[in-house]
Amino acid sequence: MDAKPSGLTTSFVNNLVVPGDVVLDISSMANQTIKLGGGLRQDSDAISVIKAGKLRFSKPNKYWVETSQKRYVPCAEDTILGIVVDSKPDNFLIDIKSPTLAYLPVLAFEGGTRRNIPKFEDGTLLYVRVVKANTGMYPELSCTDASGKAAEFGVLKDGYMFECSTGLARMLLSSPTCPVLEALGKKLSYEIAVGLNGRVWVNADSPSTIIVVANAIMNSETLSGVQQKIMVEKLLQKIQVNRVRFHLLVPSKSRYLHYHLHRHISEFDSKTSKDAYRDSP
Amino acid sequence: METRLANTWRMTVNEKKFIETALDSNLRIDGRNPLEFRNITIKFGRQVPRFASCAIGFSLLSSEDGSSDVLLGKTRVMGFVTAQLVQPYRDRPNEGSLSIYTEFSPMADPAFESGRPGESAVELGRVVDRGLRESRAVDTESLCVLAGRLAWAIRIDLHIIDNAGNLVDAANIAALAALLTFRRPECTLGGDDGREVIIHKPEEREPLPLIIHHLPIAVTFAFFGSEGKMVVDPTHNEEDVVGARMTVTANANGDICAIQKAGGEGVPQSIILHCLRLAAMNAESITKKIKSAVEVYNTERALRKIKRHSTSVAASVSIADGDRRELQNKVTGNADDELSRRHIERLKLESEEASVNQISNADGGSDSSELGRTMKGAGSAKSFLGGPSN
């Protein structure tokens, strides 16, 4: 099957689109299957845009609109960070920054049975995967990957979680490692988990490292790659100066030249990231 | 019930724990010291939404005065001051009045409900109100026009645009900045019996600023746990963890104008005294910031006045020029004609510059560019500060 997007789309792909734009005419592509992600709608033969943002296309046949916003619109197979709000006999209610709460079935854990239902206090932070996101229903989450393994999903202990826009979260997950994470990783050792719903969890040995990393990430929202690197360098210099001034010696441990990174490639297919690492809870 | 649950903002256990552990080593999540304020940015907007029009039916305000837009970190509050002529209260026939209204939009924080003001809205209004009124910061007696009959009622509207913590301090600064730039039309008594009130249009007579004796600045402290851990200017996240909050309203002279203590946790006396000293120090630095911002605005306003004159005669520029030349000719015989000519030339330059500004400004219609322009104009204003004020 020809995987190239039809003539009408090529001009729109990777460009800004606004609600009402017709990006595809499927009457001319009778034998093709296309998959629509968030922000697109089918009106008989026309695929039109319902959200302002950038139109993305992924081979062979997926289209979606990327936006940066404070709220999150759930989409199946996204990996996100959720907060436990309430525990019901069958489900946990999870806040995922979407208009409605999401359900996490108590059995949706690796080897989950009625006998070993986990206990979460309200406010627990979870790294989860969206399983179902249909309109008119509460989104359904899972703490396993598609094959039923725990993978890296589950509770995130300690550390610090902050919120950002969905655009920034996507940038942090983009596939040549985001410059800000790369630059920080050269000097500091930290763990990070990024949820596509605009939540980022950071953990490190010392609170000061966590604060530096969190602020560097929050500052990089509007910066280009080079600017991000410069910003991180300046920040680290400042920290170094402050440490000397306050006689807080840098522990040799935090000079590791590596960092752990949870990565998720923002596509609709579920992909278990190879280089993702986190202590299993 | 579940929609409501989804709309409330909540914090994770991780964050709460982290804020406290970080504070153990004197660190805060935004990288500040415990006793550091966030950045304060004060802007003065030129577009004032039309609020309830005056009871007597005059459109009283030139649109740009008496409005402020204050950013404290990411917290954003707008203040608007309006005035109307009303009958003064019976028990105070010689005084105008001052009232504060708050508007908590759900846009600022999902926790705010539209309609009925919440607990925090009421508290914020009361704290700002107490700081301003009890300390008699605004001279209300000068607001009286005709004893027992007419006095100015000053209304301060505080709009919370974004809530990132410490709304009280931000709202207080917004109220002060708006009050400092507010101008009311001048009133005189006339008529046959001398009891008829004449309100002069801003074009006729320069509107009068309010008389403000001092600036009561609110400084909020947050206390964590019982060990007396304390921070200044708490953020939204910190506010969620605190055991107690205390707002001290002080002015640059070190006078304490009001204290408000909220939250269950007790605070030892020694720490309270420490807070009072800190509040006075912070009040001094914030007062400086407000005053310098207002000064910049006023200079810019004065310069705009000149511009306004030149543009009002823009249709007949040649005539105006002729007038000036005439004027110049008239004073030629004078001893100090050299000086006056120089003044006039300066004025001319000014008006040219102003009209250029106006052209470049004409295409930017949105609010943000409006604000940007105000700041930009202020920057350029500095360069010829000494020019027109002769």
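Not measured: the values here are computed from a predicted model.

A.B. asks: Would you mind showing me how to read the nonpolar core here?
C.D. replies: It is characteristic of soluble globular proteins that their nonpolar side chains tend to be buried jointly. In terms of nonpolar packing, the biggest core is built from 70 residues, with Leu132(B) and Phe221(B) touching the most fellow members. With residues near it in sequence (within four places) discarded, Leu132(B) still touches Leu98(B), Ile100(B), Ala137(B), Val138(B), Ile156(B), Ala175(B), Leu176(B), Leu179(B) and Pro216(B). Residues Phe153(A), Leu156(A), Leu173(A) and Val212(A) belong to the second largest nonpolar core, which totals 69 residues.

A.B. asks: I'm lost on the UniProt feature "domain: Exosome complex exonuclease Rrp40 N-terminal" (unreviewed entry) in chain A in this one. Help?
C.D. replies: Sequence positions flagged by UniProt for "domain: Exosome complex exonuclease Rrp40 N-terminal" (unreviewed entry) are, in local numbering, residues 34–71 of chain A. From the first C-alpha to the last, residues 34–71 of chain A spans 27 Å; its make-up is 0% helix and 55% strand.

A.B. asks: How should the environment of Ile161(B) be read in this particular structure?
C.D. replies: Residues and elements named next belong to chain B. Within the secondary structure, Ile161 is located in strand S6 (residues 150–162). Through-space distance from the C-alpha of Ile161 to that of Asp109 is 8.7 Å; in sequence the pair is 52 residues apart. Contacts of Ile161, omitting those with residues within four sequence positions, involve Arg76, Val77, Met78, Met107 and Ala108.

A.B. asks: How should I be thinking about unusual backbone geometry in this particular structure?
C.D. replies: Residues and elements named next belong to chain A. The phi dihedral of Ser44 is positive, around 45°, even though this residue is not glycine. Here Ser44 is to be found in the loop between strand S4 (40–43) and strand S5 (46–49). A relative accessible area of 62% means that Ser44 is categorised as exposed.

A.B. asks: Mind showing me how you'd approach the environment of Glu15(B) here?
C.D. replies: Within the fold, Glu15(B) resides in helix H2 (residues 13–24). Taking relative accessible area as the criterion, Glu15(B) reaches 4% and is therefore assigned buried. Sequence separation between Glu15(B) and Asn237(B) is 222 residues, and the spatial gap between their C-alpha atoms is 8.1 Å. Beyond its immediate chain neighbours, meaning those up to four positions away, Glu15(B) contacts Tyr160(A), Met161(A) and Asn237(B). A distance of 3.4 Å separates polar atoms of two side chains, one belonging to Glu15(B) and the other to Asn237(B).

A.B. asks: Explain the sheet that holds strand S11 (residues 217–224) of chain B here, please?
C.D. replies: Sheets are built from strands paired through backbone hydrogen bonds, the pairs being either parallel or antiparallel. Residues and elements named next belong to chain B. Judged by pairing direction, the sheet is antiparallel, and its four strands sit side by side in the order S12-S11-S13-S14 without closing on themselves. Each end of this open sheet is capped by a strand with a single partner; those strands are strand S12 (229–232) and strand S14 (256–262). Ignoring which end each strand starts from, the neighbouring axes of this sheet average 20° apart. Pairing geometry for strand S13 (residues 244–250) and S14, over six bridges, is antiparallel. Its bridge partner lying in S14, Arg245 is registered against Ala262. Along the sheet, helix H3 (residues 119–133) makes contact with S13 and S14, crossing S14 at roughly 160°.

About the thresholds
- Residues numbered from 1 in each chain as written.
- Chains lettered and ligands numbered in written order.
- Predicted model: local features only at pLDDT ≥ 70, side-chain atom pairs only at ≥ 80, totals over all residues.
- Heavy atoms only, no water.
- Core = buried A, V, L, I, M, F, W, Y, C linked by side-chain atoms within 4.5 Å.
- Buried < 20%, exposed > 50% of the residue type's maximum accessible area, 1.4 Å probe, protein only.
- Contact = heavy atoms within 4.5 Å.
- UniProt positions renumbered as here; feature names shortened; annotations may be inferred.
- Helix = DSSP H or I, 4+ residues; strand = E, 2+ residues; numbered from the N terminus.
- Polar contact = N/O pair within 3.5 Å; in protein donor to acceptor, adjacent residues only side chain to side chain.
- Pairing = 2+ DSSP bridges.
- Axes fitted to C-alpha atoms, helices over the stretch in contact; angles between N-to-C directions.

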